[in-house]
Amino acid sequence: MSDLTYNVELAAPDIEPYRAGNTGIEYVTNFAAAEPGPHVLVTALTHGNEICGAIALDTLFRAGVRPRRGQLTLAFDNVAAYREFDPRYPIASRYVDEDFNRLWSPATLDGPRHSIELERARALRPIVDVADFLLDLHSMQYATAPLMLAGLLPRSRELARQIGIPELIMCDAGHAAGPRMRDYGGFGDPASAKTALLIECGQHWERRAAEVAIDVMLRFLIALGSVERDDVAALGGPDFDATPRQRVIEVTEAVTITGEHFDFAGNFRGLEVLPEKGSLIGRDDGREVRTPYDNCVLIMPSRRLVKGQTAVRLGRYLD
Ligand SMILES: [Zn+2]
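What comes next concerns the included structure. Since the model is a prediction, treat every value here as computed from it, not as a measurement. Residue numbers here run from 1 along each chain, matching the order of that chain's written sequence. Totals for whole chains, interfaces and linings use all residues, but because this is a predicted model, local features are given only for residues with pLDDT of at least 70 and pairs of side-chain atoms are given and counted only at 80 or more. Values reported for side chains reflect all heavy atoms of the structure, with hydrogen atoms and water molecules removed beforehand.

Next up on the list: the pairing of strand β2 (residues 35-44). The rule for pairing is simple: two strands pair if DSSP sees at least two bridges between them. Counting from the N terminus, the helices are the DSSP runs of H or I reaching at least four residues and the strands are the DSSP runs of E reaching at least two. Across 7 bridges, the pairing between β2 and strand β3 (residues 69-76) is parallel. For H39, the partnering residue across the bridge sits in β3 and is Q71. Orienting the strands away from the viewer, one traces the path from the first strand over the helix to the second; a clockwise path indicates a right-handed crossover. For the handedness criterion, the β-α-β arrangement of β2, helix α1 (residues 52-62) and β3 is classed as right-handed. Where β2 meets strand β4 (residues 133-140), 4 bridges bridge the pair, whose relative direction is parallel. In the sheet register, V40 faces β4, and the bridge partner there is F133.

Turning our eyes to something else, we now look at the side chain of Q203. Within the secondary structure, Q203 sits in strand β7 (residues 195-203). Excluding residues that lie within four positions of it along the chain, Q203 makes contacts with Y6, S139, M140, Q141, Y142, A143 and A209. Contacts between residues were defined by any pair of non-hydrogen atoms, one from each residue, lying within 4.5 Å.

Strand order in the open sheet formed by 3 strands is β9-β11-β12, and the pairing between neighbours is antiparallel. Each of the sheet's edge strands pairs with one partner strand only, and the pair in question is β9 (262-264) and β12 (287-290). Across this sheet, the average inter-strand angle for adjacent strands is 25°, counted without regard to direction. With 4 bridges joining them, strand β11 (residues 280-284) and β12 adopt antiparallel strand pairing. The residue bridging L280 from the neighbouring strand is R290, located in β12. Helix axes use the C-alpha atoms of the stretch in contact, all axes being lines fitted to C-alpha atoms, and the angles between their N-to-C directions lie in the range 0 to 180 degrees.

Right, let's talk about unusual backbone geometry for a bit. In this model, I165 is joined to P166 through a cis peptide bond whose omega is -5°. Residue placement: P166 occurs in the loop between α5 (154-163) and β6 (168-171). Although it is not a glycine, D285 sits at a positive phi angle of roughly 50°. Its place among the elements puts D285 in the loop between β11 and β12. For D285, a relative accessible area of 48% gives the class partly exposed. Its identity as a non-glycine residue notwithstanding, N295 has a phi of 55°, on the positive side. Position of N295 relative to the elements: it lies in the loop between β12 and β13 (296-299). Buried means the residue's accessible area, taken with a 1.4 Å probe over protein chains only, is under 20% of the maximum for its type, while exposed means over 50%, and partly exposed covers the values in between.

Once that is clear, we can look at helix α6 (residues 207-223). By this rule the span expected of a helix is its residue count minus one, scaled by 1.5 Å. Here α6 spans 25 Å end to end across 17 residues, near enough to the 24 Å set by a 1.5 Å rise per residue. Burial within α6 is extensive, with 12 of its 17 residues counted as buried. Taken together, the buried positions of α6 are A209, A210, V212, A213, I214, D215, V216, M217, L218, R219, F220 and L221. Phi turns positive one or two residues past the end of α6, at G225, with a value near 80°.

What follows is about the coordination of the zinc ion. At 2.0 to 2.4 Å from the zinc ion lie its protein donor atoms, namely H47 (ND1), E50 (OE), E50 (OE) and H138 (ND1). In this structure, the zinc ion is surrounded by 4 donor atoms whose angles at the metal cover 57 to 146°, and the resulting shape is irregular. With water excluded from the atoms, a metal site may look incomplete; its donors are any N, O or S atoms within 2.8 Å, or within 3.2 Å for Na, K and Ca. When the donors of the zinc ion are listed by position in the chain, the intervening gaps give H-x2-E-x87-H. For the pair shown, H47 and E50 are each scored as buried. Every angle between 85 and 135 degrees makes a four-donor site tetrahedral, while opposite donors more than 155 degrees apart, with all other angles between 65 and 115, make a four-donor site square planar and a six-donor site octahedral; other sites are irregular.

Shown next as structure tokens:
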């Protein structure tokens, strides 16, 4: 199998049954319990080709899971891109006009621009505004270990530890190209109690990514008291009861592409540790990009090497 050929093991579920929802926003459904509790939001398809999240939500819907406390909102985000998903060209449907997950600043959301993704972000914004907790389900280009993206706030890292999987927790500030939904508003505010996590479940179309998405989602709901373990144990997969030793990677910087042509110096797939400071990572219009310290971890090297976008993030293990 060549490096650019994908084996699409997952089938994209039919989400038309969830179009109407009950919130007045298409593909958004809210369940409210009588007992008070947090408002928990789980989102899938922030990127249209990351279908493991849609499988996880579909699994929850089909099982008829309801919150015991508070509210549970389930949302399929970039449905327009998902509609274009074609297993023959799986890489093509990440978005239609622009990346939905780089639009989450008030300036952009309130601004004058228009795009398919911006309209959808504006439609979903009221839901994101009222949620106390967010789990955004994603997957990656390369088949590396799952990564919980906990942002920079200690309370997000604590929640990631409470959930207990996956093994790797990454603390990062996001991308120069624009804020992610998980960083928006109170989710990125040290003074707020709102807490968001983003899980990268594995390679976009490997079966394993769907297992991780389901188990992380269930453990997130259990950790927040939305459901009890026995309510959802039957849906659990191989990681439902796993207790790995979790490790934290602190992301120190994102390498943002400034030139017209970026090349990596090696066939990096992510989570490589380059032992020596000054190791060559790549060339940005010929300018050498080197590791800034010893034992530098390469995180999620991109295949979309476009000016203004992140080529790779750099970090180090904290423990
Ligand atoms: Zn994604």
